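What follows is the residue order along each chain.
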Amino acid sequence: MAERAALEELVRLQGEHVRELKQQKASAEQIEEEVAKLLKLKAQLGPDEGKHKFVLKTPKGTRDYNPRQMAVREKVFDIIISCFKRHGAEVIDTPVFELKETLTGKYGEDSKLIYDLKDQGGELLSLRYDLTVPFARYLAMNKLTNIKRYHIAKVYRRDNPAMTRGRYREFYQCDFDIAGQFDPMIPDAECLKIMCEILNSLQIGDFLVKVNDRRILDGMFAICGVPDSKFRTICSSVDKLDKVPWEEVKNEMVGEKGLAPEVADRIGDYVQQHGGVSLVEQLLQDPKLSQNKQALEGLGDLKLLFEYLTLFGIADKISFDLSLARGLDYYTGVIYEAVLLQTAAQAGEEPLGVGSVAAGGRYDGLVGMFDPKGRKVPCVGLSIGVERIFSIVEQRLEALEEKVRTTETQVLVASAQKKLLEERLKLVSELWDAGIKAELLYKKNPKLLNQLQYCEEAGIPLVAIVGEQELKDGVIKLRSVASREEVDVRREDLVKEIKRRTSPPLCIC
């Protein structure tokens with residue numbers, strides 16, 4: 001160790017000598033000679049292990065949440081969870097990693113985005129890609145055939161993230177699913193109702209929910225002449241139509257995936273159509289599509305779905321869109337995706353979508369893939385894209401320069417005179433024991449002005465001021481931070497008064 005230290009010192013001195021020569025503008029030969037000596041000394045030190053420059057940052061595609069962002073996130077979660085509970089859902093949780101085998105072959109082309117954990121001589125594991133496949137595994141493992149559940153947790157995708165648009169490698173999903181054998185389209189309609197309720201409650205702008213059916217897509221591919229083996233890969237190309245124009249999608253189908261150009265053109269005639277129940281009725285009369293059994297079943301179910309959506313009062317938010325494909329392999333029936341709309345630049349133009357904020361569909365075969373006897377449990381569900389929603393809400397708050405409270409403190413226990421720390425500690429303890437959210441400054445004799453300033457910065461609405469005279473009179477001075485009004489409240493009535501002043505108003509919904 002002593003030898004290494006001596007060598008490091010020689011390197012340091014030689015480095016300084018080289019820098020001095022450069023400053024003195026010495027001859028190139030002399031500088032070159034001294035640099036060679038420096039490199040020789042460094043070579044004697046060996047590799048510079050553990051001394052590389054460490055950049056302090058979060059891994060690519062991840063983020064920290066500061067208190068302000070967490071406050072926004074909690075409000076968003078509260079709105080979503082209260083809606084899930086209003087519809088009678090129970091909550092579950094599953095491990096953050098699953099057996100690799102559990103996730104393999106469930107996501108089609110997206111399987112390459114799964115994070116595999118390093119093999120350490122035990123089970124081969126992967127981080128969960130979504131919450132749906134673990135839910136199906138949970139149902140099969142516990143032999144459940146009927147449950148309405150929600151699950152909010154982080155999932156992981158080895159994607160190229162676009163964090164400004166709310167796309168990450170680690171992100172939250174909020175899932176709601178109904179498992180069980182029920183009459184057609186009733187649970188599906190409720191899922192769409194929940195999606196609309198949540199997006200309305202979040203007030204993030206106008207939205208449209210695109211709806212399609214995997215059976216209609218498969219039927220359409222069949223009558224257009226797509227070989228069975230190419231259904232899923234062509235489906236994945238169609239799914240890109242919300243991001244790129246038809247010509248690009250067609251080039252991918254023909255150039256990369258080997259589809260005949262005339263087949264691609266036939267697909268193009270269908271997938272560029274969208275509308276309401278009238279389009280469903282039109283396609284039921286389509287001479288080719290109506291001859292396909294799968295497509296006919298899908299169209300029949302969509303017609304029924306629109307009836308229920310009308311009864312739920314949300315049909316105006318739904319568009320039947322033949323380009324919606326949802327790339328995941330496990331969907332078997334109705335699929336849907338909610339997109340936010342930005343206002344069209346000119347009247348008469350189509351509103352432009354600015355990104356998907358929720359999606360879902362029916363997956364009747366997934367649980368059966370895990371069951372030894374292949375017993376199927378029909379399922380339908382939805383997932384709210386909360387990261388995208390957080391980004392939108394945060395941007396909006398920043399644009400409005402709106403202050404967000406990061407604590408829920410109702411009152412600060414303060415004192416106007418010195419030597420009252422004991423009394424402050426006693427009072428704050430009484431308030432905590434009574435369930436009041438209270439704070440005090442961690443100083444023996446804080447200045448009143450500093451205490452009031454802290455309340456303004458933190459958004460604390462009330463100050464309970466302890467003073468010598470108030471102690472003698474058995475009262476506490478309660479000050480409103482906003483109006484600066486002060487009233488004396490008897491100590492035994494203080495809890496009731498704080499609750500009265502800080503309780504949210506009753507809402508008759």
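The structure displayed is predicted, hence computed values, not measured ones.

Asker: Go over a positive patch on the surface, please, and point to the residues and values.
Answerer: Taken together, the side chains of Lys418, Lys419, Lys443 and Lys447 present a region of like positive charge at the surface. Position of Lys443 relative to the elements: it lies in the loop between β13 (438-439) and α16 (448-458).

Asker: With reference to specific residues and values, describe the nonpolar core.
Answerer: The nonpolar side chains of a soluble globular protein tend to be buried, and buried together. If you look at the biggest cluster of nonpolar residues, it comprises 101 residues, and the most contacted ones within it are Phe84, Val209, Phe221, Ile267, Phe320, Tyr336 and Ile384. Per-element accounting of this core gives the leading share, 9 residues, to helix α6 (residues 186-202). Listed in part, the 16 residues of the second largest apolar core include Val411, Leu462, Ala464 and Leu494.

Asker: Would you mind going over the UniProt feature "coiled-coil region" (unreviewed entry) in the chain in detail, with residue names and values included?
Answerer: Sequence positions flagged by UniProt for "coiled-coil region" (unreviewed entry) are, in local numbering, residues 14-41 and 390-417. Between the C-alpha atoms that bound residues 14-41 the distance is 9 Å, and the span itself is 86% helix and 0% strand. As annotated, residues 390-417 has a helix share of 39% and a strand share of 18%, and its two end C-alpha atoms lie 44 Å apart.

Asker: I'd like a description of the packing of helix α11 (residues 277-284) against helix α12 (residues 293-311), backed by residues and values.
Answerer: At a closest axis distance of 10 Å, the pairing of α11 and α12 adopts a crossing angle of 155°. One element, α11, and the other, α12, form an angle in the roughly antiparallel class. Judged by the twist between their axes, the crossing of α11 over α12 is left-handed. On α12, the residues touching Val277, Val280, Glu281, Leu283 and Leu284 of α11 are Leu296, Leu299, Gly300, Leu302, Lys303 and Phe306.

Asker: An account of the pattern of salt bridges is requested, with residue identities and associated values reported.
Answerer: The tally for this structure, following the rule as stated, stands at 32 salt bridges. Between Arg12 and Glu16 there is a salt bridge whose closest N-O contact spans 2.7 Å. Placement of both Arg12 and Glu16 in helix α1 (residues 2-23) is noted, with a separation of 4 residues, approximately one turn of the helix. Ionic contacts of the salt-bridge type, sharing partners, join the residues Asp213, Arg215, Lys293, Glu297 and Asp301 into one network.

Asker: Report on the domain arrangement of the chain, specifying residues and quantitative values.
Answerer: Domain annotation for the chain reports domain 1 (1-45), domain 2 (67-399) and domain 3 (411-502). Spacing between the C-alpha centres of domain 1 and domain 3 amounts to 65 Å.

Asker: Mind laying out the environment of Arg214, listing which residues take part and the relevant values?
Answerer: Take Arg214: it is sitting in helix α7 (residues 214-224). In this structure the C-alpha to C-alpha distance between Arg214 and His17, which are 197 residues apart in sequence, comes to 74 Å.

Asker: Any chance you could break down the packing of aromatic side chains for me, citing the residues and the numbers?
Answerer: Under the defined criterion, the tally for this structure stands at 10 aromatic pairs. Measuring from ring centre to ring centre gives 5.2 Å for Phe77 and Tyr172, while their planes differ by 70°; the resulting arrangement is edge-to-face. With Phe77 in helix α3 (residues 67-86) and Tyr172 in strand β5 (residues 170-179), this pair connects stretches of sequence that are 95 residues apart. Like Tyr172, Phe77 is buried. Here the aromatic residues Tyr107, Tyr129, Tyr330, Tyr331 and Tyr363 are joined through ring pairs into a cluster of three or more. Its guanidinium or amino end placed over the ring of Tyr65, Arg73 lies 4.5 Å from that ring's centre, counting from NZ or CZ. One residue, Lys317, lies across the ring of Phe207, its end atom 4.5 Å from the ring centre.

Asker: Pulling in residues and values, what's your account of α3?
Answerer: Look at α3: 28 Å from first C-alpha to last across 20 residues, which is about the 28 Å you get at 1.5 Å a residue. Turning to α3, its buried residues number three or more, namely Gln69, Ala71, Val72, Arg73, Val76, Phe77, Ile80, Cys83 and Phe84. Each element contacted by the buried residues of α3 is listed here: β4 (147-156), β5, α6, β11 (379-384) and α14 (386-400). For α3, the capping residue at the N-terminal end is Asn66, with a side-chain oxygen 3.0 Å from the backbone nitrogen of Arg68. Looking one or two residues past α3, Gly88 carries a phi angle of roughly 85°, positive in sign.

Asker: Please provide a residue-by-residue account of the UniProt feature "binding site: L-histidine" (unreviewed entry) in the chain, values included.
Answerer: Sites flagged by UniProt as "binding site: L-histidine" (unreviewed entry) map to Asp130, Leu131, Thr132, Arg157, Gln173, Asp177, Arg326, Tyr330 and Tyr331. In this fold, Thr132 is placed in helix α5 (residues 132-141). Relative accessible area serves as the criterion here: at 9%, Thr132 is assigned to the buried category. Apart from residues lying up to four places away in sequence, Thr132 is in contact with Asp175, Tyr330, Tyr363 and Leu366. Relative to the helices and strands, Gln173 resides in strand β5. Beyond its immediate chain neighbours, meaning those up to four positions away, Gln173 contacts Asp130, Leu131, His151, Ile152, Ala153, Val155, Arg157, Ser383 and Ile384. Here the side chain of Gln173 touches Leu131 through a polar contact of 3.4 Å, landing on its backbone nitrogen.

Rules behind the numbers
- Residues numbered from 1 in each chain as written.
- Predicted model: local features only at pLDDT ≥ 70, side-chain atom pairs only at ≥ 80, totals over all residues.
- Heavy atoms only, no water.
- Patch = residues over 30% accessible without salt bridge, like charges linked within 9 Å, V, L, I, M, F, W, Y side chains within 5 Å.
- Areas by Shrake-Rupley, 256 points an atom, 1.4 Å probe, with all protein chains shown as cover.
- Salt bridge = Lys/Arg side-chain N within 4 Å of Asp/Glu carboxyl O.
- Lys, Arg positive; Asp, Glu negative; His and termini not counted.
- Charge placed at Lys NZ, Arg CZ, Asp CG, Glu CD.
- Helix = DSSP H or I, 4+ residues; strand = E, 2+ residues; numbered from the N terminus.
- Core = buried A, V, L, I, M, F, W, Y, C linked by side-chain atoms within 4.5 Å.
- Buried < 20%, exposed > 50% of the residue type's maximum accessible area, 1.4 Å probe, protein only.
- UniProt positions renumbered as here; feature names shortened; annotations may be inferred.
- Axes fitted to C-alpha atoms, helices over the stretch in contact; angles between N-to-C directions.
- Parallel < 35°, antiparallel > 145°, perpendicular 65-115°, else oblique.
- Left-handed = near helix turned anticlockwise from the far one by under 90°.
- Contact = heavy atoms within 4.5 Å.
- Domains from an automatic or database assignment.
- Phe/Tyr/Trp six-rings, centres within 6.5 Å; stacked < 30°, edge-to-face > 60°.
- Lys NZ or Arg CZ within 6 Å of the ring centre and 35° of its normal.
- Expected span 1.5 Å × (residues − 1).
- Polar contact = N/O pair within 3.5 Å; in protein donor to acceptor, adjacent residues only side chain to side chain.

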